[in-house]
Amino acid sequence: MAKEKGHKEKLIDEIQMLAQSKGVNTVFTTFLEITANSIAAQMDPEHAEIREARYGEIASGMTPETLEAYARMFGQLCLAVLERQDDPCDILGDIYHKLRLNNEWSGQFFTPDHISRLMAELATPVIENPDHESPVTISEPACGSGTLILGAVWVMQKQQFDFQHKSFFVAQDIDIRCVWMAYIQLSLYGIPAVVIHGNTMNMEEWDRWYTPYAAVPFLAYEERKGA
């Protein structure tokens, strides 16, 4: 009996099915943009209006069937993340490689999960953050799909460190598609972060995407400090 496909594999199937008429690169990129804007329109009050407007602009050019296909993709991604909530991994980066999009994305390659986790274990000591201290801030200046941040969170969970209330991540990338990938995954995994669309080298910045948990560690710190 054939093993039932997992949610990540079903997401890939949905992408490939729609790609038969629109192309893999177009479908994957559109999925990232419409998903990122959908999340931000609901969960980022500061940018909700502009994200909602962009989502509406994209959706208005789609047939109901196409929009439904992207909704199914988002559902499969949410279920895939839910399965890995206690063992976070780079789902979108893996899909990117499986779809062989590196040839169309200027030869970009994203760090595999096992390498990201090893790097995080070597770079991240046992974290101690007393209640009176502000959240630990970690910066990733070329975040790609967010894999190194996911590796750091994986290490924090192993160390039983409360990353949602005691850490904050600053991610940045020059490629807006990478910004969307990182933002989507960090949002769905419940990671407090801001993902910056900008050039780390010359400090030029074009946009900021705040995850739904972005304010949580700072609110928690203020609550602890005032207790």
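See the structure shown above.
Residues numbered from 1 in each chain as written. Predicted model: local features only at pLDDT ≥ 70, side-chain atom pairs only at ≥ 80, totals over all residues. Heavy atoms only, no water.

Peer 1: Any chance you could break down the sheet that holds strand β3 (residues 193-199) for me, citing the residues and the numbers?
Peer 2: Pairing within the open sheet is mixed, and its 4 strands lie in the order β1-β2-β3-β4. The two strands at the open ends of the sheet, each matched to only one other strand, are β1 (136-140) and β4 (204-210). Geometrically, the sheet is characterised by an average inter-axis angle of 20° between neighbouring strands, direction not taken into account. (Pairing = 2+ DSSP bridges. Helix = DSSP H or I, 4+ residues; strand = E, 2+ residues; numbered from the N terminus. Axes fitted to C-alpha atoms, helices over the stretch in contact; angles between N-to-C directions.)

Peer 1: Describe the pairing of strand β2 (residues 167-173), with residues and values.
Peer 2: Most of β2 sits inside the fold, with 6 of its 7 residues counted as buried. Examined bridge by bridge, β1 and β2 share 5 bridges and lie parallel to one another. For I138, the partnering residue across the bridge sits in β2 and is F169. Note that β2 and β3 share 5 bridges and pair parallel. Following the sheet pairing, Q172 is matched in β3 by I196. Crossover β2 to β3 through helix α9 (residues 176-188) is right-handed. (Buried < 20%, exposed > 50% of the residue type's maximum accessible area, 1.4 Å probe, protein only. Right-handed = clockwise from strand over helix to strand, strands pointing away.)

Peer 1: Go over the pairing of β3, please, and point to the residues and values.
Peer 2: For β3, a buried count of 7 out of 7 residues is recorded, marking the element as mostly surrounded by other parts of the structure. Here β3 shows two buried faces, one formed by A193, V195, H197 and N199 and the other by V194, I196 and G198. Inspection of the sheet shows β3 paired to β4 by 6 bridges, in the antiparallel sense. Considered in β4, the bridge of I196 is made with R208. Counted between consecutive antiparallel strands, the loop separating β3 from β4 contains 4 residues, among which M203 sits at a positive phi close to 65°.

Peer 1: How would you explain the packing of helix α2 (residues 24-43) against helix α4 (residues 64-83) if you had to name every residue and give the values?
Peer 2: Running from amino to carboxyl end, α2 crosses α4 at an angle of 75°, the nearest separation of the two axes being 10 Å. Taken together, the axes of α2 and α4 lie roughly perpendicular to each other. Contacts between α2 and α4 involve T26, V27, T30, F31, I34, T35 and I39 on the former and, on the latter, L67, Y70, M73, F74 and L77. Among the residues making up the contact of α2 with α4, the classes are represented as 9 nonpolar, 3 polar and no charged. (Parallel < 35°, antiparallel > 145°, perpendicular 65-115°, else oblique. Contact = heavy atoms within 4.5 Å. Nonpolar A, V, L, I, M, F, W, Y, C, P; charged D, E, K, R; others polar.)

Peer 1: Explain helix α10 (residues 216-226) to me, using residue names and the numbers behind them.
Peer 2: Along α10, the positions that sit buried rather than exposed are P217, A220 and Y221. The buried residues of α10 occupy one face: seen down the axis, they fall within an arc of 100°. Turned more than 90 degrees away from the buried face of α10 sit L219, E223 and G226, all of them exposed. In this structure, the buried residues of α10 make contact with α8 (163-166) and β2. (Arc of directions from axis to C-beta.)

Peer 1: Give me the lowdown on unusual backbone geometry, citing residues and values where you can.
Peer 2: Even without a glycine there, the phi angle at Q160 is positive, about 55°. Classification of Q160 by relative accessible area gives exposed; the value is 76%. Of note in the backbone geometry, M203 takes a positive phi value of approximately 65° without being a glycine. Looking at the secondary structure, you find M203 in the loop between β3 and β4.

Peer 1: Would you mind going over the packing of aromatic side chains in detail, with residue names and values included?
Peer 2: This model, assessed by the stated rule, comprises 3 aromatic pairs. Looking at R51, its charged tip hangs above the ring of W209, at a distance of 3.6 Å from the centre. (Phe/Tyr/Trp six-rings, centres within 6.5 Å; stacked < 30°, edge-to-face > 60°. Lys NZ or Arg CZ within 6 Å of the ring centre and 35° of its normal.)

Peer 1: Before we move on, can you summarise the environment of L32 with the specific residues and values?
Peer 2: Note that L32 resides in helix α2. Counting along the chain gives 29 residues from L32 to G61, while the straight-line C-alpha distance between them is 16 Å. The contact partners of L32, leaving out residues within four places of it in the chain, are L92, W105, R177, W180, M181 and I184.

So, to be careful, I would describe these as geometric facts and stop short of saying anything about function.
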